[in-house]
Amino acid sequence: MEDRDGKIWMDGQLVDWRDAKIHVLTHTLHYGCGAFEGVRAYKTDKGTAIFRLREHTERLFNSAKILRMKIPFTIEQVEAAQKQVVRENQLESCYLRPLTWIGSEKLGVSPKGNKVHLMVAAWAWGAYLGEEGLKRGIRVKTSSYTRHHVNITMTQAKAVSNYTNSILANMEATDEGYDEAMLLDPSGFVSEGAGENLFVIKNGVVYTPDLSAGALNGITRNTIFHICQDLGLKLVEKRITRDEVYICDEAFFTGTAAEVTPIRELDRIELGTGSRGPITEKIQAAFFDIVNGRNPKYAHWLTLV
Ligand SMILES: Cc1[nH+]cc(COP(=O)(O)O)c(CN[C@@H](CCC(=O)O)C(=O)O)c1O
């Protein structure tokens, strides 16, 4: 990722991509206290637009607040930085990565007195779980790793340190030939994917784990709530067991990177017809209409760069 042309916004300045470096004694590198966002910009007929920029930027600030980090910029400055990075790198559609971290003034568990930094990078990033996955659905494994307990790590913070759990779950699943992992919470109820929220459909009703199962409050998850309302689909947030997933009619993951990715199999058990289900297809189509600016009802969610 480091050897490419382009610009990265770093603490208020645009720096050359290859020069965007930090010291090895950076506190976050050692202890993992930092926060990030995943944001996408899409090519619309009015130009390139960032999807739900305000919600993503607010979540970044909320993540920092939960981690007792004070970002030394305003929300407006960080929004402007994201727009600038897309423009400067002349990206028609892309994935943006804002990251805030604690500097290298001193080490030791307490970061008090260390500087808080922020950067924004952007790059072209296609289908996170593959084009084939978007169409046919992916194969998922229930992870042997448990999702975070809500009072051990702060699950509403998109915290750097939360992702070791995701990394291990994803690596275990892909080592065993699956595409992604689904994690259970400490009580054994379904939480979410390693980097996605989960939805299942049964008898025409759409279900998703309520946030007490430790899933991130996904912005794409919230977008699906609006889409279900528009499509007249009943949506229920509840505790979901892994065997309820086994006997569902359809299932899909959602996320900024994953977008809406159908799940065709869990633990080698076919879900529904073993391919993208009809309601999932409708929801997926509605999602892509929205993010590509084809649904005027959600024009306010798209910020032109
Ligand atoms: C654990 C987790 N849960 C749910 C979501 C969905 O949240 P949202 O993007 O607001 O709908 C994401 C986003 N995962 C990001 C990281 C992907 C990566 O590999 O890095 C993303 O989709 O950008 C998660 O990381």
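Residues numbered from 1 in each chain as written. Predicted model: local features only at pLDDT ≥ 70, side-chain atom pairs only at ≥ 80, totals over all residues. Heavy atoms only, no water.

> Please explain the packing of helix 2 (residues 53–66) against helix 3 (residues 75–88) as it appears in this structure.
Any two packed helices are characterised by the angle at which their axes cross and by the distance between the axes. Where helix 2 contacts helix 3, the two axes come as close as 10 Å, and the packing angle between them is 125 degrees. When the interaxial angle is binned, helix 2 and helix 3 end up oblique. Crossing handedness for the pair helix 2 and helix 3: right-handed. Across the interface between the two elements, L53, R54, T57, E58, L60 and F61 of helix 2 pack against I75, E76, V78, E79, Q82 and K83 of helix 3. For the contact of helix 2 with helix 3, the residue count by class is five nonpolar, two polar and five charged. (Axes fitted to C-alpha atoms, helices over the stretch in contact; angles between N-to-C directions. Helix = DSSP H or I, 4+ residues; strand = E, 2+ residues; numbered from the N terminus. Parallel < 35°, antiparallel > 145°, perpendicular 65-115°, else oblique. Left-handed = near helix turned anticlockwise from the far one by under 90°. Contact = heavy atoms within 4.5 Å. Nonpolar A, V, L, I, M, F, W, Y, C, P; charged D, E, K, R; others polar.)

> Explain the side chain of T142 to me, please; I cannot follow it from the model alone.
Considering the arrangement of structural elements, one finds T142 in strand 8 (residues 138–146). T142 gets classed as buried once you look at its relative accessible area, which sits at 5%. Residues in contact with T142, not counting those within four places in the same chain, are M182, L184, R242, Y246, L266 and D267. (Buried < 20%, exposed > 50% of the residue type's maximum accessible area, 1.4 Å probe, protein only.)

> Could you clarify how one ought to interpret the site of the ligand in this entry?
Residues in close proximity to the ligand total 21 residues, the closest being Y95, Y128, Y163, E192 and T220. Here an oxygen atom of the ligand and a side-chain polar atom of R97 are 2.9 Å apart. Within the side chain of E192, one N or O atom sits 2.6 Å away from a nitrogen atom of the ligand. Calculation on the ligand without its partners gives an accessible area of 550 Å², and the protein chains cover 93% of this total. (Near = heavy atom within 4 Å. Polar contact = N/O pair within 3.5 Å; in protein donor to acceptor, adjacent residues only side chain to side chain. Areas by Shrake-Rupley, 256 points an atom, 1.4 Å probe, with all protein chains shown as cover.)

> Honestly, helix 8 (residues 278–291) in this entry has me stumped. Any pointers?
In an α-helix there are 3.6 residues to a turn, and that puts residues three or four apart on one side. Relative to the 20 Å expected for 14 residues at 1.5 Å per residue, helix 8 spans 20 Å between its end C-alpha atoms, a close match to the ideal helical length. All of the buried residues in helix 8 are I279, T280, I283, Q284, A286, F287, F288, I290 and V291. (Expected span 1.5 Å × (residues − 1).)

> For this particular structure, what's the right way to read the packing of aromatic side chains?
Aromatic ring pairs: the centre-centre distance and the angle between the two ring planes describe each pair. What the rule picks out here adds up to twelve aromatic pairs. With 6.4 Å between their ring centres and 90 degrees between their planes, F199 and F225 make a pair best called edge-to-face. In this pair, F199 is assigned in strand 11 (residues 197–202) and F225 in helix 6 (residues 219–230), connecting sequence segments 26 residues apart. Classification of F199 as buried rests on a relative accessible area of 0%. Centre to centre, the rings of F199 and F252 are 5.0 Å apart; their planes meet at 10 degrees, and the pair counts as stacked. Residue F199 is found in strand 11, and its partner F252 is found in strand 14 (residues 250–255); the two are separated by 53 residues along the sequence. Each of the two residues, F199 as well as F252, counts as buried. Three or more aromatic residues link up through ring pairs in this structure, and these residues are F51, F287, F288, Y298 and W301. The side chain of R52 reaches across the aromatic face of W301, ending 3.9 Å from its centre. (Phe/Tyr/Trp six-rings, centres within 6.5 Å; stacked < 30°, edge-to-face > 60°. Lys NZ or Arg CZ within 6 Å of the ring centre and 35° of its normal.)

> Is there a simple way to explain the pairing of strand 4 (residues 39–44) in this structure?
Where a strand is regular, its side chains alternate between the two sheet faces. Buried residues dominate strand 4, accounting for five of its six residues. In this sheet, strand 6 (residues 94–102) lies alongside strand 4 in antiparallel orientation, the contact comprising three bridges. The residue bridging V39 from the neighbouring strand is L96, located in strand 6. Here four bridges tie strand 4 to strand 5 (residues 47–51), and the two strands are oriented antiparallel to one another. Its bridge partner being in strand 5, Y42 is matched across the sheet by A49. The turn linking strand 4 back onto strand 5 is made up of two residues. (Pairing = 2+ DSSP bridges.)

> What am I meant to see in the packing of helix 6 against helix 8 here?
Packing of helix 6 against helix 8 brings their axes to within 10 Å, and their N-to-C directions diverge by 110 degrees. Considering the angle they form, helix 6 stands roughly perpendicular to helix 8. Counted together, T220, T223, I224, I227 and C228 of helix 6 and I283, A286, F287 and I290 of helix 8 form the full contact between these two elements. Across the contact of helix 6 with helix 8, the residue classes break down as seven nonpolar, two polar and no charged.

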